[in-house]
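For reference, the chains in residue letters:
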Amino acid sequence: MDLDKNEKITFEEFMTWYKNKDKTKIDQQQKEGAKAVRDAKINQLKNQGKANAQKNTQPVLQPLSEEEYLKGINEIRKEVPFENVHIHSAIDLLLQDFKTRSVDYRKFQEYMQKLGKANGFNQEKVSGVTQRLFRILDSNQNGILDVAELGTGLGLLCGGTKPEKMKAGFDLYDENSNSQLDFREASNLMSGFFKIIKSGSPQSFKQYSAQ
């Protein structure tokens, strides 16, 4: 993917890789990447559970399965038409108005209300799905939506073509805004990208796979 071998990835390099990818290789990379992310989160939750048990606190919630994750977002899209929100406007609002790539629940509430108002949605309905959406996106249940959780969630929730969502995701993961991704940023992007393009996704996500 790093065509000029400078240990940085531009959006053009990412799109060149995507357009020329070998399906067998990408499927294998997807499985390996998804497994690594899943294993890391499971280990993190186990460690949190052990720490909580020692402190005699309530156990942490278990992460949603991928099927539960996609089903949850699908149900929210039926209640509030977030597919009518273009992915670029959703990311721009986050970066320009909120100037952040990670949010706690309070900040997420503010973001959702502003996103809903900008798109003419019923504010009561938006408020009604906000807590549930936060729970779905917060895959490690730490009370913070990080860049990977936001990128994957907004990519599935909002509308736009595949290239548009890729560009919006690239901009979100480009934390220092230099139009290039370092290894850590690229790894975060790929983990979210693989989740979105995973074969066998529910019907409601086929729009994302369409060119």
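Keep in mind it's a predicted model, so treat the numbers as computed, not measured. (Residues numbered from 1 in each chain as written. Predicted model: local features only at pLDDT ≥ 70, side-chain atom pairs only at ≥ 80, totals over all residues. Heavy atoms only, no water.)

## Concerning the packing of helix α4 (residues 87-97) against helix α5 (residues 105-118)
To keep things clear, this is the line we draw: Axis geometry follows a simple rule: fit a line to the C-alpha atoms, using only the stretch in contact for helices, then measure angles between N-to-C directions, giving values from 0 to 180 degrees. Where helices and strands are cited, they refer to DSSP runs of H or I of at least four residues and of E of at least two residues respectively, numbered from the N terminus. Oblique is the label for every angle not falling under 35 degrees (roughly parallel), over 145 degrees (roughly antiparallel), or within 65 to 115 degrees (roughly perpendicular). For a crossing to be left-handed, the near helix must be turned anticlockwise from the far one by less than a right angle; the clockwise case is right-handed. It only takes one pair of heavy atoms within 4.5 Å for two residues to be counted as in contact. Classes in brief: Ala, Val, Leu, Ile, Met, Phe, Trp, Tyr, Cys and Pro nonpolar; Asp, Glu, Lys and Arg charged; the others, Gly included, polar.
Interhelical geometry of α4 versus α5 gives an angle of 130° and a closest axis separation of 11 Å. Viewed along their axes, α4 and α5 adopt a mutual orientation that is oblique. At the point where α4 passes α5, the crossing takes the right-handed sense. Only Y111, K114 and L115 of α5 make contact with α4, whose side of the interface consists of A90, I91, L93, L94 and D97. Of the residues contributing to the contact of α4 with α5, the split by class is six nonpolar, no polar and two charged.

## Some details on unusual backbone geometry
Which entries qualify depends on this criterion: Only protein chains enter the accessibility calculation, which uses a 1.4 Å probe. A residue is then buried if its area is under 20% of the maximum for its type, exposed if over 50%, and partly exposed in between.
Located in the positive-phi region is K99, a residue other than glycine, with phi close to 50°. Its location among the elements puts K99 in the loop between α4 and β2 (103-104). One non-glycine residue, Q141, lies in positive phi territory at about 55°. With a relative accessible area of 18%, Q141 lands in the buried category.

## Some thoughts on the pattern of salt bridges
What counts here: Should a side-chain nitrogen of Lys or Arg be within 4 Å of a carboxyl oxygen of Asp or Glu, the pair is scored as a salt bridge.
Following the criterion strictly, the structure yields five salt bridges and no others. Residues R132 and E79 are paired through a salt bridge, measuring 2.9 Å at the closest nitrogen-oxygen approach. Highlighted residues: R132 in helix α6 (residues 123-137) and E79 in helix α3 (residues 66-79), separated in sequence by 53 residues. Residue R132 is classed as partly exposed on the basis of its relative accessible area, which comes to 31%. The salt bridge involving D97 is made with K114; its shortest N-O contact spans 2.9 Å.

## With respect to the environment of N142
For the record, the criterion: Distance and chemistry together define a polar contact, namely a pair of N or O atoms within 3.5 Å, with one atom able to donate a hydrogen and the other to accept it when in protein, and with adjacent residues in sequence counting only for side-chain atoms on both sides.
Its place among the elements puts N142 in the loop between α6 and β3 (144-145). When the C-alpha positions of N142 and D104 are compared, they lie 9.3 Å apart, and in sequence the two are 38 residues distant. A polar contact is formed between the side chain of N142 and the backbone nitrogen of I144, at a distance of 3.0 Å.

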